[in-house]
Amino acid sequence: MRNIAHEIRQPLGAIESIAYYLSMVLPEDDGKHREQLTRIQQLVEQSNWILSNGLGLADLRAAAPETIDLEELVTHVISARPVSLDPPVECDFAPGLPLVRLDRGFGRGLVENLLGLFRQLATETHPSRIRTSAAEKGVELEVSTAAPGYRSIASLPPGTALSLDSARRIAILHGGSCTHSIDPASGIRVRVMLP
């Protein structure tokens, strides 16, 4: 799987480079072509996200949990993302959260995965929201957006089912859980419980 992902990422990288070059040479007032160029960049990013989730789901190595600060991990992942591509992310971290037992690599993959999913769903008027709270069995990480109109996983962007399966696998691997809800009026919510 890693070899296949590597081979696919090479042409994706070339497409991304070409798109970047075109964004530099296209006139600013060429809205029609710039719109299509932005769409190409989004599709390359979506393809890379799907590949990452496939790799995460196929990763059979055992987790090596360590005690980590979930807020610190989430903040680090958010700050490492390209600002120009992200709709706003609103964070509401509960004060004094206990540390969680989480493999740092799997944890980073989990947060990147969920941010990648919600990047495709959120808008300026319906931003992604990340909330943490203390729970009886650990810490709950909730990612949501109030973007309306989605009715089921089938109505969400390609790769969503794979993304949710990957997040669930990581949560279960650490003794936690991952659930989601989709409502056409109130939006999409993913809850991850970590011990």
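Structure: see above.
A short tour of the structure in this document, coming up. On a predicted model such as this, the values are computed, not experimentally measured, just so you know.

## Section: the sheet that holds strand β7 (residues 187-194)
Within the open sheet, the five strands sit side by side as β2-β4-β5-β7-β6. Their pairing is mixed. With partners counted over all chains shown, the strands left at the sheet margins are β2 (89-92) and β6 (177-183), one partner each. Ignoring which end each strand starts from, the neighbouring axes of this sheet average 15 degrees apart. Strand contacts of helix α5 (residues 160-173): β6 and β7, with the helix running at about 150 degrees to β6, the strand carrying the most contacts.

## Quick notes on the environment of Pro-158
Mapped onto the elements, Pro-158 comes out in the loop between β5 (138-145) and α5. With relative accessibility at 55%, the residue Pro-158 sits in the exposed group. Residues Pro-158 and Ile-50, 108 residues apart in the sequence, show an inter-C-alpha distance of 8.2 Å. Setting aside its immediate chain neighbours within four residues, Pro-158 contacts Gln-46, Trp-49, Ile-50 and Gln-120.

## Considerations on α5
With 14 residues, α5 should reach 20 Å at 1.5 Å per residue; the first-to-last C-alpha distance of 20 Å fits that figure. Among the residues of α5, those classed as buried are Thr-160, Ser-163, Leu-164, Ser-166, Ala-167, Arg-169, Ile-170 and Ala-171. One or two positions beyond α5, positive phi appears at Gly-175, with a value near 80 degrees.

About the criteria used
Residues numbered from 1 in each chain as written. Predicted model: local features only at pLDDT ≥ 70, side-chain atom pairs only at ≥ 80, totals over all residues. Heavy atoms only, no water. Pairing = 2+ DSSP bridges. Helix = DSSP H or I, 4+ residues; strand = E, 2+ residues; numbered from the N terminus. Axes fitted to C-alpha atoms, helices over the stretch in contact; angles between N-to-C directions. Contact = heavy atoms within 4.5 Å. Buried < 20%, exposed > 50% of the residue type's maximum accessible area, 1.4 Å probe, protein only. Expected span 1.5 Å × (residues − 1).

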